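# Architecture and fold: a report
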Amino acid sequence: MSAKPVNTIQAVNQALDEAMALDPNVILLGEDIGDEEEGGVVGVTRGLSGKYGKARVRTTPISEQAIIGAAIGAAIVGMRPVAEIMLMNFTTVAMDMIVNHAAKLRFMSGGQTHVPLTIRTMTGAGFGTGGQHADYLEAWFAHTAGIKVVAPSNPADAHGLMLSCIFDDDPCLFIENMPTYWSPGPPPVAGQRIPLGKANILRAGSDVTVVSYSRTVADCAAVAEKLGKEGVNVELIDLRTIAPYDAETVLASVGRTKRAVIVHEAVKPFGVGAEIAARLNEELFGKLKAPVQRVGAAFSPVPFAKPLETEFVPTQARIEA
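Residues numbered from 1 in each chain as written. Predicted model: local features only at pLDDT ≥ 70, side-chain atom pairs only at ≥ 80, totals over all residues. Heavy atoms only, no water.

A count of helical and extended segments in the chain gives twelve helices and twelve strands. Taking the principal axes of its C-alpha atoms as reference, the chain extends roughly 55 × 45 × 40 Å. Across the 321 residues in the chain, those meeting the buried criterion constitute 53%. The long-range share in the chain, meaning contacts at least 24 apart out of those at least 6 apart in sequence, stands at 81%. When the accessible surface of the chain is summed, it comes to about 13700 Å², and 56% of that surface belongs to carbon and sulfur atoms. Where the 28 positive side-chain charges of the chain centre and where its 34 negative ones centre are 6 Å apart. (Helix = DSSP H or I, 4+ residues; strand = E, 2+ residues; numbered from the N terminus. Buried < 20%, exposed > 50% of the residue type's maximum accessible area, 1.4 Å probe, protein only. Contact = heavy atoms within 4.5 Å. Areas by Shrake-Rupley, 256 points an atom, 1.4 Å probe, with all protein chains shown as cover. Lys, Arg positive; Asp, Glu negative; His and termini not counted. Charge placed at Lys NZ, Arg CZ, Asp CG, Glu CD.)

Here's what the structure looks like:
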């Protein structure tokens, strides 16, 4: 693999290519994902139908229920489908299949039926796509027993986590962040899988633990760098996997620093940050030097107007404050 920086589109494409070369049971389904349609709305699957054929890279009708239904059926009979739902808001169209079928079949069959399905989807405010195209809905799925929820913050992690999702025997929801698709990062190592459920400590610190994932990790890193020059030593944890999240790493870090700030782009009420904050309070009550803080989006649909959209998402200034 080239030592040149790659972006997330390239990294996920490489992971899909590697998985398809490794296992003929890996298939792709989604709207416009074939080469004739330029490999999806941002080109993540470009080149793969030409290489592996239309039987394994299937461009589907515009029907999220058909995509997920076909993918679940394929997974039950031994395939490892990767189903693309173009935008995360559109997972709502197939929620019954995802929540009541994919996530529950292993439980309801006494462990006899596995659903090795990966659902790829993208989201994120910043392009003026409005209230029905940019929501982070990870908490809905993290609340569902039986499905893993993954949200990489950089290209190399996207590659390694995608490989782990594809070869996991249970359903995984893989959330890609649209505004950071083209941000370059160090190239991934071919074939290297990043374990699901294991966080990454990006920066060691002693004064406060900042926990984040996906797009807001970069904002937290910039704030941590700035505060470091001002004498505030920030420990930054990138969860990588939201469900199951690495509670052991988070608890150990906050146990040392005695302070925690949790940052995510999703709306603040009832979010992933609330679950982590509750767990910290349960485990570390009496040891914390300050209340656990949460930074998230306003409790509102994503605004269309650019000034409102900019204020809607967590800003570096709010994280720093």
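The structure having been displayed, the exposition proceeds.
What follows covers the sheet that holds strand E1 (residues 26-30). Read from one edge to the other, the open sheet built from seven strands follows the order E2-E1-E3-E4-E6-E5-E10, with strand pairing classed as mixed. Bordering the open sheet on either side are strand E2 (57-59) and strand E10 (241-243), each of which pairs with just one other strand. With strand direction ignored, the average angle separating the axes of adjacent strands in the sheet is 20 degrees. In terms of strand pairing, strand E4 (residues 118-123) meets strand E6 (residues 172-177) through six bridges, oriented parallel. Paired with Thr123 across the two strands is Asn177, which belongs to E6. Sitting on the sheet, helix H3 (residues 64-76) is in contact with E1, strand E3 (80-87) and E4, with an inclination near 165 degrees to E3. (Pairing = 2+ DSSP bridges. Axes fitted to C-alpha atoms, helices over the stretch in contact; angles between N-to-C directions.)

Here we come to empty space enclosed by the protein. Under the defined criterion, the tally for this structure stands at three cavities of 30 Å³ or more. By volume, the largest cavity amounts to about 70 Å³. Taken together, Thr8, Pro152, Ser153, Asn154, Ala158, Ile175, Glu176, Asn177, Thr180, Tyr181, Ser214 and Arg215 make up the lining of the largest cavity. The element contributing the most residues to the lining of the largest cavity is E6, with three residues. Taken together, the residues of the lining of the largest cavity break down into four nonpolar, six polar and two charged. Quantified by volume, the second largest cavity comes out at close to 60 Å³. If you trace the second largest cavity, you find 13 residues lining it, with Glu84, Met86, Arg120, Met122 and Tyr181 closest to the centre. Those elements that provide at least two residues to the lining of the second largest cavity are E3 and E4. (1 Å grid on protein atoms, 1.4 Å probe; cavity = no way out; pocket = protein on both sides within 12 Å on 5 of 7 lines; lining within 4 Å. Points joined across faces, edges and corners; volume = space filled by probe spheres on them. Nonpolar A, V, L, I, M, F, W, Y, C, P; charged D, E, K, R; others polar.)

Counted as a void, the largest pocket has a volume near 470 Å³. If you trace the largest pocket, you find 23 residues lining it, with Ala139, Trp140, Phe270, Gly271 and Val272 closest to the centre. Breaking the lining of the largest pocket down by element, the ones donating at least two residues are helix H6 (138-142), strand E11 (260-267) and helix H10 (272-284). Considered class by class, the residues forming the lining of the largest pocket number 17 nonpolar, three polar and three charged. The volume enclosed by the second largest pocket comes to roughly 290 Å³. Along its surface, the second largest pocket is lined by 16 residues, and Ser153, Asn154, Val217, Ala218 and Ala221 are the ones closest to its centre. In terms of residues, the lining of the second largest pocket owes the most to one element, helix H8 (residues 216-229), which gives four residues. A breakdown of the residues in the lining of the second largest pocket according to their chemical character gives eight nonpolar, seven polar and one charged.

In this section: the environment of Gln192. Mapped onto the elements, Gln192 comes out in the loop between E6 and strand E7 (200-203). Since its relative accessible area comes to 45%, Gln192 is described here as partly exposed. Those residues in contact with Gln192 that lie beyond four places of it in its chain are His159, Gly160 and Leu163.

This part takes up the side chain of Ser214. Residue position: Ser214 is located in the loop between strand E8 (208-212) and H8. With near-sequence residues (within four places) excluded, Ser214 lies in contact with Tyr136, Ala151, Pro152, Ser153 and Asn177.

Ile68, Leu117, Leu173, Leu239, Val250, Ile276 and Leu280 are the most contacted members of the largest nonpolar core, which totals 46 residues. Here this core takes six residues from H3, the largest share from any one element. Excluding anything up to four places from it in sequence, Leu239 contacts Lys198, Ala199, Val211, Ser212, Tyr213, Tyr245, Val250 and Ile276. Ala19, Leu28, Ala158 and Tyr181 belong to the second-largest nonpolar core, a separate cluster that totals 32 residues. (Core = buried A, V, L, I, M, F, W, Y, C linked by side-chain atoms within 4.5 Å.)

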